[in-house]
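The residues making up each chain are set out below.
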Amino acid sequence: QVQLVDSGGDSVQDGGSLRLSCVASGDTDSVNCMGWFRQAPGKERESVAFIYGSGDMTFYTDSVKGRFTISQDNAKNAVYLQMTSLKPEDTAMYYCTAGVIGRGPPSWTYWGQGTQVTVSS
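This section reports on the structure supplied with the text. Residue numbers restart at each chain and count upward from 1, following the sequence in its written direction. Given that this is a predicted model, residues contribute local features only at a pLDDT of at least 70 and side-chain atom pairs are listed and counted only at 80 or more, while totals for whole chains, interfaces and linings are drawn from all residues. Neither water nor hydrogens contribute to the side-chain values; these are computed over all heavy atoms in the structure.

**Here's the deal with the nonpolar core**
Throughout this description, the term nonpolar core refers to a set of buried Ala, Val, Leu, Ile, Met, Phe, Trp, Tyr and Cys residues connected via side-chain atoms within 4.5 Å. Think of it in three bands: with a 1.4 Å probe and only protein chains considered, a residue is buried below 20% of the maximum accessible area for its type, exposed above 50%, and partly exposed in between. Within the largest apolar cluster, 29 residues are counted, with the highest numbers of intra-cluster contacts made by Leu4, Trp36, Leu81, Met83 and Tyr94. The numbering of helices and of strands both runs from the N terminus, where a helix is a DSSP run of H or I of at least 4 residues and a strand a run of E of at least 2. If you list the elements that add at least two residues to this core, you get strand E1 (2-7), strand E3 (18-26), strand E4 (33-39), strand E5 (46-52), strand E7 (68-73), strand E8 (78-83), strand E9 (92-100) and strand E11 (115-120). When residues no more than four places from it in sequence are discounted, the contact partners of Leu81 are Leu18, Arg19, Leu20, Trp36, Val48, Ala49, Phe68, Thr69, Ile70 and Tyr94. Cys33, Phe50, Ile101 and Trp108 belong to the second-largest nonpolar core, a separate cluster that totals 5 residues. Note on contacts: a residue pair qualifies if any of its non-hydrogen atoms lie within 4.5 Å across the two residues.

Right, here's the structure in full:
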């Protein structure tokens with residue numbers, strides 16, 4: 001069992017920045033990958049970024065490449081999402097997630113409660 005607590009969401013202006021945080025506790029040895037999803041009202045949940053391989057490997061969805069950076073602190077069992085040049089289309093509930101990645105895509109098994117990001121023009 002792994003518990004995830006995500007935080008850092010806020011309301012910002014177009015072009016602003018935010019840093020989201022997620023802290024994992026419990027049986028953290030059971031996961032080897034952490035990431036972020038987001039979901040806007042009326043839209044499907046979307047994978048934003050994830051990190052694995054002790055932080056050496058990362059993935060970003062095309063719409064955030066060059067603007068968002070995912071990082072982790074293994075000692076603290078924490079993952080972060082630095083978001084810059086935010087756009088209104090980034091507005092969504094952001095969820096931290098953790099799971100297992102092998103040869104293929106990750107299998108996500110744990111989720112945070114979500115933190116709201118709102119970007120206004």
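The structure having been displayed, the exposition proceeds.
**Let's talk about the pairing of E1**
Working note: regular strand, side chains alternate between the two faces of the sheet. Alternating positions in E1 separate cleanly, Val2, Leu4 and Asp6 being buried on one face and Gln3, Val5 and Ser7 remaining unburied on the opposite face. Strand pairing follows a simple DSSP-based rule, namely that at least 2 bridges must link the two strands. Pairing between E1 and E3: 6 bridges, direction antiparallel. Considered in E3, the bridge of Asp6 is made with Cys22.

**Looking at the environment of Gly99**
Here Gly99 lies in strand E9. In the structure, Gly99 is positioned 72 residues away from Asp27 in sequence and 11 Å away in space, judged by C-alpha atoms.

**Some thoughts on the state of the cysteines**
The definition used for a disulfide is geometric: two cysteine sulfur atoms within 2.5 Å. Throughout the structure, instances matching the rule amount to 1 disulfide. No disulfide involves Cys33; its sulfur sits 10 Å from the nearest other cysteine sulfur, which is in Cys96. The exposure class of Cys33 is buried, given its relative accessible area of 2%.

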